[in-house]
Amino acid sequence: MENYFGQLALATGLGLPIAVIGAGLGQGIAIYGAVQGMARQPEASGTIQTAMIIGLALIESLVIYALLMFFILQGKLPAAGDVLSKIGTGG
């Protein structure tokens with residue numbers, strides 16, 4: 001059980017930043033592709049922009065889901081004072 005809380009803290013602390021980095025990269029690639037498409041075919045810019053906005057909304061929804069998971073997992077961690085008192089007493 002003691003290793004469980006360490007792994008939970010690691011997942012909580014690293015999960016959200018990894019999700020945000022991935023979403024940022026995905027949004028950058030999506031915008032890059034949309035701008036490239038609009039530059040090559042200006043007459044299709046309305047359709048491309050609509051598809052890009054929908055795609056960005058879906059990518060952002062995954063980040064919001066990761067944030068929700070972060071708060072749920074953070075609530076399952078023990079209080080820092082409890083952990084420090086157990087470490088100080090040796091058990």
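What counts as what
- Residues numbered from 1 in each chain as written.
- Predicted model: local features only at pLDDT ≥ 70, side-chain atom pairs only at ≥ 80, totals over all residues.
- Heavy atoms only, no water.
- Helix = DSSP H or I, 4+ residues; strand = E, 2+ residues; numbered from the N terminus.
- Buried < 20%, exposed > 50% of the residue type's maximum accessible area, 1.4 Å probe, protein only.
- Contact = heavy atoms within 4.5 Å.
- Expected span 1.5 Å × (residues − 1).
- Phe/Tyr/Trp six-rings, centres within 6.5 Å; stacked < 30°, edge-to-face > 60°.
- Patch = residues over 30% accessible without salt bridge, like charges linked within 9 Å, V, L, I, M, F, W, Y side chains within 5 Å.
- Areas by Shrake-Rupley, 256 points an atom, 1.4 Å probe, with all protein chains shown as cover.
- Salt bridge = Lys/Arg side-chain N within 4 Å of Asp/Glu carboxyl O.
- pLDDT = per-residue confidence, 0-100.

Points about the overall build of the chain
And step 1. Of regular secondary structure, the chain possesses three helices and zero strands.
And step 2. Mapped from its N terminus to its C terminus, the chain presents α and β elements in the order α-α-α.
And step 3. With respect to the three principal axes, the spread of C-alpha positions in the chain is 70 × 20 × 15 Å.
And step 4. Here the chain holds 91 residues, and the buried ones make up 10% of them.
And step 5. At a minimum sequence separation of 6, the contacts of the chain that also span at least 24 residues come to 76%.

Observations regarding helix 2 (residues 45–76)
And step 1. With 32 residues, helix 2 should cover 46 Å at 1.5 Å per step; its first-to-last C-alpha distance of 47 Å lies within 8% of that length.
And step 2. Turning to helix 2, its buried residues are M52, L56, V63 and A66.

A few points about the packing of aromatic side chains
And step 1. Within the structure shown, the criterion is met by two aromatic pairs.
And step 2. Here the aromatic rings of Y4 and F5 are separated by 5.3 Å at their centres, their planes lie at 65 degrees, and the arrangement is edge-to-face.
And step 3. A relative accessible area of 29% places F5 in the partly exposed class.

Quick look at a nonpolar patch on the surface
And step 1. A surface patch of nonpolar side chains, amounting to about 370 Å² of accessible area, comprises Y65, L68, M69 and I72.
And step 2. Note that Y65 resides in helix 2.

Let's talk about the environment of V20
And step 1. Relative to the helices and strands, V20 resides in helix 1 (residues 2–40).
And step 2. Since its relative accessible area comes to 41%, V20 is described here as partly exposed.
And step 3. When the C-alpha atoms of V20 and K86 are compared, they prove to be 33 Å apart, with 66 residues separating the residues in sequence.

Brief notes about the side chain of T12
And step 1. Locating T12 in the fold gives a position in helix 1.
And step 2. Here T12 is in contact with F70, L73, Q74 and L77, once residues within four sequence places are set aside.

Here's the deal with the confidence of the model for the chain
Low pLDDT marks stretches whose predicted atomic positions should not be read closely.
And step 1. Of all residues in the chain, 96% attain a pLDDT of 70 or more, and the chain-wide mean is 88.
And step 2. Across the chain, the secondary-structure element scoring lowest on mean pLDDT is helix 3 (residues 80–89), at 76, and the one scoring highest is helix 2, at 92.

Some details on the environment of E43
And step 1. By the element assignment, E43 lies in the loop between helix 1 and helix 2.
And step 2. Take E43: its relative accessible area is 67%, and that puts it in the exposed class.
And step 3. Note: C-alpha distance between E43 and I21 (22 residues apart in sequence) is 33 Å.

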